[in-house]
There are 6 protein chains.
Amino acid sequence: MRTDGRNPDQMREVKISRNIQQYAAGSVLIEFGNSKVICAASIDNKVPPFLRYSKSGWLTAEYSLLPGATPERTIRDSSRGRISGRSHEIQRLIGRSLRSVINLKALGERTIWIDCDVLQADGGTRTAAITGAWLAMFEACLNLDRNEHGFAVKDYLAAISVGLVDDQVLLDLDYAEDSRASVDLNLVLTGSSKIVEIQGTAEGEPYDFKMLDRLLALAKTGIDYLITLQQDFAGDYFKKQIKSVGLG
Amino acid sequence: MRTDGRNPDQMREVKISRNIQQYAAGSVLIEFGNSKVICAASIDNKVPPFLRYSKSGWLTAEYSLLPGATPERTIRDSSRGRISGRSHEIQRLIGRSLRSVINLKALGERTIWIDCDVLQADGGTRTAAITGAWLAMFEACLNLDRNEHGFAVKDYLAAISVGLVDDQVLLDLDYAEDSRASVDLNLVLTGSSKIVEIQGTAEGEPYDFKMLDRLLALAKTGIDYLITLQQDFAGDYFKKQIKSVGLG
Amino acid sequence: MRTDGRNPDQMREVKISRNIQQYAAGSVLIEFGNSKVICAASIDNKVPPFLRYSKSGWLTAEYSLLPGATPERTIRDSSRGRISGRSHEIQRLIGRSLRSVINLKALGERTIWIDCDVLQADGGTRTAAITGAWLAMFEACLNLDRNEHGFAVKDYLAAISVGLVDDQVLLDLDYAEDSRASVDLNLVLTGSSKIVEIQGTAEGEPYDFKMLDRLLALAKTGIDYLITLQQDFAGDYFKKQIKSVGLG
Amino acid sequence: MRTDGRNPDQMREVKISRNIQQYAAGSVLIEFGNSKVICAASIDNKVPPFLRYSKSGWLTAEYSLLPGATPERTIRDSSRGRISGRSHEIQRLIGRSLRSVINLKALGERTIWIDCDVLQADGGTRTAAITGAWLAMFEACLNLDRNEHGFAVKDYLAAISVGLVDDQVLLDLDYAEDSRASVDLNLVLTGSSKIVEIQGTAEGEPYDFKMLDRLLALAKTGIDYLITLQQDFAGDYFKKQIKSVGLG
Amino acid sequence: MRTDGRNPDQMREVKISRNIQQYAAGSVLIEFGNSKVICAASIDNKVPPFLRYSKSGWLTAEYSLLPGATPERTIRDSSRGRISGRSHEIQRLIGRSLRSVINLKALGERTIWIDCDVLQADGGTRTAAITGAWLAMFEACLNLDRNEHGFAVKDYLAAISVGLVDDQVLLDLDYAEDSRASVDLNLVLTGSSKIVEIQGTAEGEPYDFKMLDRLLALAKTGIDYLITLQQDFAGDYFKKQIKSVGLG
Amino acid sequence: MRTDGRNPDQMREVKISRNIQQYAAGSVLIEFGNSKVICAASIDNKVPPFLRYSKSGWLTAEYSLLPGATPERTIRDSSRGRISGRSHEIQRLIGRSLRSVINLKALGERTIWIDCDVLQADGGTRTAAITGAWLAMFEACLNLDRNEHGFAVKDYLAAISVGLVDDQVLLDLDYAEDSRASVDLNLVLTGSSKIVEIQGTAEGEPYDFKMLDRLLALAKTGIDYLITLQQDFAGDYFKKQIKSVGLG
């Protein structure tokens, strides 16, 4: 039995609030239970130097915790004068994942900035961030001019964590579970169940290949559910565009 | 006539949402129209070196814009490797203002960290931040052990901006008005209408002392209203404590 | 009775030494009693990116304490790797104040850099810095080519501090007085007694509006005197230019 | 056919040079073909603050490229004033992986610093770094005093990359292959073939679960070979210690 | 003939103004012609970690240019976020030189901070800084309690530059000469003409050992003169102390 | 008798390994006994801003210790966020020295980056770095297109340290000797025995001019030997080019 009464294969409640920052090109507040992440997408009409004159766009992500997101206050990266190693690792993961489902040519010479700021942290913030960032990116892309490469978003994208806690395989770990997990695995899949990223770490005892299979199968069920939420989100507002790119 | 139809002496709608970050000791989301600020108070059981063994506590504040808060994305201080001059100035103002209504001895050797993170910026974020930070601080103090110095909060505290725009004296400027203002003044008052901070800047033409009096009188009306909101906030939940410190 | 025998409404002796840095476009050493500030103005034939192609100039200021300026050595900003919050706040105040009395169009696409370095600190260094920086700026502007917008300096500018110490309203606080002041107010006025900046802080007890009026009235007398010194400074050397811009 | 004539399931030649830095507690130069990494282990008789008085040790890793390691010179992290995101990610991976096969209690209150400096970069430097770092760590641990927790190293540890290039599954990618790979996966296993870390990224097209199985199977063959090299390394010099900890 | 009419073996006029910063333990303004350096010595009742419990003191130096010291404004180290290589090199030279004539044991567990801030730069600022810093240090040491190791200053110390310009050997180069010099040599000697530092650089053509001898002989004459000034400085005020340490 | 049995005027064994980093334009590993330095030269087809459109090239150097180079691990400059003063001083010396024997015009608008990374530190690393950096630079220049200014390298260049240890004048100090030396002098000479840099420091007692002559004479013998090694290095591979520039 899990702390909050969930079954091992049960996710926390997921909530999506649209338009949380009305001046951003796209934004949502996404909640996985008590983990809450503000995801925004901004459009910048420039590209990094290595893409200048390439007729291709770029997407980059930043991730940070608000100081009040955790029981013990988190020191700001700006006060320490540098971005923490953990933040670096997570924001690179977010950026890489989203780039796998976007057609950079279709952006033209623009950069999409993804900002994921954790309002409240209770485990799984990186997977909530990826799932929510897709929504913000989708919304931002709807307002872009289309060029010959069409609509920029190519597929849905969502992420979930699974772990081994006290010899039980659990879906969508909260902070207390994550702290006790001997294995912690994050999976990022597309709407067509293809793997974009897999990151599995033995925090305690190393584990065998059979356990890996069990973890992956469970993670897939969670992501399947998140994709249906993304379809609903996209469906309500953007039916026409989605059809034209062959999603949903 | 103002852009959003307000009278010159009319504030924007003010909304206060409690408990926006449940792991912080105190937190609110405060909205002045389209300006929205997340205010959190965290308790740290340490004091800065200059107060060690003093039996006195401390309060310090940090202020930052989320990147998606503005139409053109705001670069993070952490990416630039340093806090901007504007943020520095505002967070020092917030900290100084709150320290004027708190009894540091009553905190014991603890530090209250105030974090004001702007979710959406449409002018007046520093005054919303001060007003909201008081609420977060109040809530955080309720849970502290009392020592012989009693309850730490000594008085209400709120702030508002006024300005001279096209020869009209306006209350609670939004971003568009602020950009055109020739005079911009921020006033911070206690619940007993005492001055804690006054900061008035001639962005365009310098102004005379008579104009200063008009600006201050208008600002006072706005703050009087904000204090009633603070009384309601404190009143619903904390009636007993308030009486014991003689507020309200 | 004040420590150094002054009356409450009496300023410290003010001294101005011209041309303290002969390679700068303009420079003075200004002394308010034991507070001594080196003020320099340099001309840079560039403007910041946001003004490029605008045909307008810019003015920006930096403020710093020399390590030996204080009884306990002040650590350099460069050793700490960042500018202190206090320095940031003061240099923004200096820059904003001077920009209110300069015609940026008349500068052409040039930047005036104002550097205020405190040689010796005994309270009031920011007001001495503003008053001295005007002198350095004035001198630097005399050597600029005139365009159709004429001479760049539009008016005199001086600043002074006042405070409430032991229930007495005092003019031009020294460090010992400033440390004990319950209210500390800095006022910046033009030669025509218009307000450019007002910054008043309750370090101890908040104060009422009547007290504000008393503080402002006293500050005005101090600034009136400083403006006469600026008129003498400008008058000796630059009579013709001053007349042509209608000062004095 | 691969550029250098290897079969798809063939590794590059692996060379290990002992004692490359005689003042370090342990050090090797490890070569995977043209990729060459200097791996050093240093012992520090302190632990980070969060472990003080815990009777437990710590292990942390740093990774960097020498500027001359790449055809286009790599800018030093120290010149940019901060560690790159890529270096952060890799050094966290190295540290996490090694900590999974070391008994921190057996270290006592000491920190092992692992430094991996890439002398020459031709793909796969992070896997070479992990494999070589184990060797340096092993050597450093031999000279530590044993406490009741015995010898600190618990198992062998090696890493390899696999990828999908032009629809072919390849082992141990060099730089040219890595640049064209649509899938890039790094696997870290113990001597008993347990998973410590799996990181698989779709650089191009996302891939399915069947492909994941093929990639993992191939990676395992590479790691099996690397473990035999580690057994040889440990065997020549340290037979007695190894037996006592039950390796090999 | 030199620009300012000096003979090749003639120094610029040297001026020393005492007590330029009255809150510092010792301070002078030293001028070598148009080069002007503010030198201050501060006493800190702490030592760096590597000297704790050693019963020995320390001396360290910092060197910086005020922005207005040069015709083209010098950017502050603090704005660039780091100390320039040139400043680093010079301040290490100043610190090393002064430590050679001070008895660190006699300081007790205290640190002397030397700050050399260039008010006006016209070549030779590092040699003026060393010569002036000795004066500030001397003054600061007079007020220290004596322990069994006696007065801390062991000998005089002065520095001068010489150079080869257009095939002429010149003493005390100004900026224009320094820019054209093919050889630039700085020499630091004690009051007994012993070498503390020699730094000679071929900016243009490398030079032979015979030329080195000529440069050194000329430099010695300049330093001999500077030492007489230090004797005068010390003599007026500190006759008794000097005798007791056997100087002069 | 010296620790390692050398005579006072005897150098440590010098070894040169070519092509240590095959992707760099030139590289060697140079060993002075147990001091080992990786020296690389990279070509960048850009020049710093101050040389743009000058038709002249540039050469700059960076120096760093690998963390495992010393018995007590050296903290990386990148972890401290800034380059140490010692590294700054040494890399400026390396750059200045090499620039004295290269024809910058002959480089065209290119920058040569010299990187000296100390693999193992046992004293004299800066002199080994200069001597090895010349070899890397020479190799890099061989592959450059020649313009009307011909081959860029003008002369050989080598460096050695000498010191006074226990009243004995010693050549090529190792770390233990260097720590006890009362005088430490580094000399950089060209192939024609001209002085490029001399840096002599009294770490203990200041020394007289006669001692300087003895130190210089001994240093010259060491450098003469190093130049013959450079001639061998250049001779094997580059005979024709050398003749054409009149070396050897």
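Residue numbers restart at each chain and count upward from 1, following the sequence in its written direction. For this description, chains carry letters from A and ligands carry numbers from 1, given in the order in which they are written. It should be noted that, the model being predicted, local features are given only for residues of pLDDT at least 70 and side-chain atom pairs only at 80 or more, the latter also being counted only at that level, while totals for whole chains, interfaces and linings use all residues. Neither water nor hydrogens contribute to the side-chain values; these are computed over all heavy atoms in the structure.

Draft legend 1. Region of the structure containing the environment of A:L29. On the secondary structure map, A:L29 appears in strand 2 (residues 26-32). Between the C-alpha atoms of A:L29 and A:I90, which are 61 residues apart in sequence, the distance is 18 Å. By definition, any uninterrupted DSSP run of H or I lasting at least four residues is a helix, any uninterrupted run of E lasting at least two residues is a strand, and each is numbered from the N terminus.

Draft legend 2. Representation of the relation of the copies chain D and chain F. The transform that puts chain D on chain F rotates by 180° and translates by 0.0 Å along the axis, for an RMSD of 0.0 Å. Here the transformation between the copies is reduced to the relation of a two-fold axis. For chain D, the minimum C-alpha distance to the rotation axis belongs to D:S78 and amounts to 2.0 Å. Looking at chain D, 100% of its interface residues are interface residues in chain F too, so the copies touch through the same face. Our superposition of the copies is a least-squares fit, built on the C-alpha atoms of residues whose pLDDT is at least 70 in both. Any two residues whose heavy atoms approach within 4.5 Å at even a single point are treated as in contact.

Draft legend 3. Region of the structure containing the interface of chain B and chain A. Contacts between the two partners involve 32 residues from chain B, matched on the other side by 32 residues from chain A. For any pair of parts, buried area is found by adding up, for both, the accessible area (1.4 Å probe) each one loses once the two are put together. Regarding the contact of chain B and chain A, the summed buried area is about 2800 Å², with carbon and sulfur atoms giving 48% of it. Of all residues in chain B, B:Y23, B:R73 and B:R76 bury the most surface against chain A, accounting for 25% of the area lost on that side. Close ionic contact of B:D115 with A:R73 constitutes a salt bridge, the shortest N to O distance being 2.7 Å. As used in this structure description, the phrase polar contact means that two N or O atoms lie within 3.5 Å; if the pair is within protein, one of them must be able to donate a hydrogen and the other to accept it, and residues adjacent in sequence are counted only when both atoms belong to side chains. The interface formed by chain B and chain A includes 16 residue pairs in polar contact (both at pLDDT 80 or more). With six residues, the top contributor of residues to the side of chain B that touches chain A is strand 5 (residues 111-120) of chain B. Here the nonpolar group is Ala, Val, Leu, Ile, Met, Phe, Trp, Tyr, Cys and Pro; Asp, Glu, Lys and Arg are the charged ones; every other residue, Gly included, is treated as polar. Partitioned by chemical class, the residues of the side of chain B that touches chain A number 14 nonpolar, 11 polar and seven charged. For this document, the term salt bridge refers to a Lys or Arg side-chain nitrogen within 4 Å of an Asp or Glu carboxyl oxygen.

Draft legend 4. Spatial organisation of the relation of the copies chain B and chain A. Between chain B and chain A, the superposition needs a rotation of 180° and an axial shift of 0.0 Å, giving an RMSD of 0.0 Å. Of the interface residues in chain B, 100% have counterparts in chain A that sit at the interface too, so the contact is made through matching surfaces.

Draft legend 5. Structural detail: the sheet that holds strand 1 (residues 14-18) of chain F. Residue and element names in this part refer to chain F. The strand order across the open sheet built from five strands is 1-2-3-5-4, with neighbouring strands paired in mixed fashion. The outermost strands of the open sheet, each flanked by one partner alone, are strand 1 and strand 4 (58-65). Here the average twist between neighbouring strands, direction ignored, is 20°. Two strands pair if DSSP finds at least two bridges between them. Summarising the sheet, strand 4 and strand 5 (residues 111-120) pair through eight bridges and their orientation is parallel. Think of each axis as a best-fit line through the C-alpha atoms, taken over the contacting stretch in the case of a helix, with angles from 0 to 180 degrees between the N-to-C directions.

Draft legend 6. Seen up close, the arrangement of the chains. The least C-alpha distance between chain C and chain D, which are not in contact, is 11 Å. For the non-touching pair chain C and chain F, the nearest C-alpha separation works out to 9 Å.

Draft legend 7. Expanded view of the interface of chain D and chain F. Listed per partner, the contact involves 32 residues of chain D and 32 residues of chain F. It is D:Y23, D:R73 and D:R76 that lose the most area in chain D upon contact with chain F, and together they represent 26% of the buried surface on that side. Remark: the boundary between chain D and chain F carries 16 residue pairs in polar contact (both at pLDDT 80 or more). Looking at the side of chain D that touches chain F, the elements that each hand over two or more residues are strand 3 (35-44), strand 4 (58-65), helix 1 (77-80) and strand 5 (111-120) of chain D. A per-element tally of the side of chain D that touches chain F places strand 5 of chain D first, with six residues.

Draft legend 8. Structural context of the environment of F:R146. With respect to the helices and strands, F:R146 occurs in the loop between helix 4 (125-142) and strand 6 (157-165). Between the alpha carbons of F:R146 and F:R214 there is a distance of 42 Å; along the sequence they are 68 residues apart.

Draft legend 9. Here's a closer look at the side chain of D:D115. Structurally, D:D115 can be placed in strand 5. Side-chain polar atoms of D:D115 contact the side chain of F:R76, separated by 2.8 Å. Excluding its chain neighbours within four sequence positions, the residues that come into contact with D:D115 are D:I38, D:C39, D:A40, D:E62, F:P67, F:R73 and F:R76.

Draft legend 10. Broad picture of the pairing of strand 2 (residues 26-32) of chain F. All names here are of chain F. The element strand 2 is largely enclosed, with a buried count of seven among its seven residues. Alignment of strand 1 against strand 2, held across five bridges, turns out to be antiparallel. By the bridge assignment, S17 is partnered in strand 2 with L29. Pairing geometry for strand 2 and strand 3 (residues 35-44), over seven bridges, is antiparallel. Between buried and exposed lies partly exposed: a residue is buried under 20% and exposed over 50% of the maximum accessible area for its type, with that area taken using a 1.4 Å probe on protein chains only.

Draft legend 11. Main features of the layout of surface pockets. Residues are said to line a cavity or pocket when one of their atoms sits within 4 Å of a point; the points come from a 1 Å grid over protein atoms alone, cavities being sets where a 1.4 Å probe fits but cannot get out and pockets being open sets with protein on both sides within 12 Å along at least five of seven lines. Grid points are joined across faces, edges and corners, and a volume is the space filled by probe spheres set on the points. Each pocket or cavity is described by its volume, and for the second largest pocket that value is around 220 Å³. Lining the second largest pocket, in full, are A:W58, A:R96, A:R99, A:S100, A:L104, A:K154, D:A202, D:E203, D:G204 and D:E205. For the lining of the second largest pocket, the per-class residue count stands at three nonpolar, two polar and five charged.

Draft legend 12. Representation of unusual backbone geometry within the structure. Even without glycine at this site, C:S193 takes up a positive phi of about 60°. Counting through the fold element by element, C:S193 comes out in the loop between strand 8 (183-190) and strand 9 (195-202).

Draft legend 13. Representation of the packing of helix 2 (residues 85-99) of chain D against helix 4 (residues 125-142) of chain D within the structure. All names here are of chain D. Packing of helix 2 against helix 4 leaves a shortest axis separation of 10 Å and a crossing angle of 40°. The angle between helix 2 and helix 4 falls in the class oblique. Regarding helix 2 and helix 4, the two cross each other, and that crossing is right-handed. Seen from helix 2, the contacting residues are R86, E89, I90, L93, I94, S97 and L98; seen from helix 4, they are T125, R126, A129, I130, A133, W134 and M137. Across the contact of helix 2 with helix 4, the residue classes break down as nine nonpolar, two polar and three charged. When describing relative orientation, an angle under 35 degrees is termed roughly parallel and one over 145 degrees roughly antiparallel, while 65 to 115 degrees is termed roughly perpendicular and anything else oblique. It is the rotation of the near helix from the far one that decides the hand of a crossing: anticlockwise by less than a right angle makes it left-handed, clockwise makes it right-handed.

Draft legend 14. Broad picture of the packing of aromatic side chains. All names here are of chain B. Two aromatic rings from Phe, Tyr or Trp, using only the six-membered ring of Trp, form a pair when their centres are within 6.5 Å; if the ring planes differ by under 30 degrees the pair is stacked, by over 60 it is edge-to-face, and anything between is tilted. Overall, the coordinates contain 24 aromatic pairs over all chains when judged by the stated rule. Between F50 and W58, the ring centres sit 5.2 Å apart and the planes meet at 85°, which makes this aromatic pair edge-to-face. Ring centres of W134 and F138 lie 4.9 Å apart, and the angle between their planes is 35°; this geometry places the pair in the tilted category. Remark: F138 and W134 occur in helix 4 (residues 125-142); sequence separation between them is four residues, near one turn of the helix. The residues W134 and F138 share a single accessibility class, namely buried.

Draft legend 15. Highlighting the sheet that holds strand 1 (residues 14-18) of chain C. All names here are of chain C. Spatially, the five strands line up as an open sheet ordered 1-2-3-5-4, and their pairing is mixed. The open sheet is flanked by strand 1 and strand 4 (58-65), the only strands paired with a single partner. Along the sheet, successive strands turn relative to each other by an average axial angle of 20°, direction set aside.

Draft legend 16. The arrangement of the pairing of strand 7 (residues 168-171) of chain C in detail. All names here are of chain C. One ladder, built from four bridges, connects strand 6 (residues 157-165) with strand 7; its direction is antiparallel. Paired with V165 across the strands is Q168, a residue of strand 7. Hairpin connection between strand 6 and strand 7: a loop of two residues separates the two successive antiparallel strands, and D166 in this loop has a positive phi of roughly 50°.

Draft legend 17. How the structure looks around the pattern of salt bridges. In this structure the tally under the stated criterion is 114 salt bridges over all chains. Its salt-bridge partner being E:R6, residue E:D172 comes within 3.8 Å of it at the nearest N-O pair. Pair noted here: E:D172 is in the loop between strand 7 (168-171) and helix 5 (175-180) and E:R6 is in the segment before strand 1 (14-18), with a separation of 166 residues, a long-range link. Comparing E:D172 with E:R6, the two get one shared label, buried. A single salt-bridge network, built from bridges that share partners, covers A:R2, A:D4, A:R6, A:R12, A:D122, A:D172 and A:E177.

Draft legend 18. Representation of helix 2 (residues 85-99) of chain E. Residue and element names in this part refer to chain E. Multiply 1.5 Å by the residue count of a helix minus one, and that product is the helix's expected span. An ideal rise of 1.5 Å per residue puts 21 Å on 15 residues; helix 2 measures up with 21 Å between its terminal C-alpha atoms. With 12 of 15 residues buried, helix 2 is to be regarded as a mostly interior element. Every buried residue of helix 2 is listed here: G85, S87, H88, E89, I90, Q91, L93, I94, G95, R96, S97 and L98.

Draft legend 19. Structural context of the packing of helix 2 (residues 85-99) of chain A against helix 2 of chain D. Where helix 2 of chain A meets helix 2 of chain D, the closest approach of the two axes is 9 Å, and the angle between their N-to-C directions is 110°. In terms of orientation, helix 2 of chain A lies roughly perpendicular with respect to helix 2 of chain D. Between helix 2 of chain A and helix 2 of chain D lies a crossing of left-handed hand. Contacts between helix 2 of chain A and helix 2 of chain D involve A:G85, A:R86, A:H88, A:E89, A:R92 and A:R96 on the former and, on the latter, D:G85, D:R86, D:H88, D:E89, D:R92 and D:R96. Residue composition of the contact of helix 2 of chain A with helix 2 of chain D, grouped by class: no nonpolar, four polar and eight charged.

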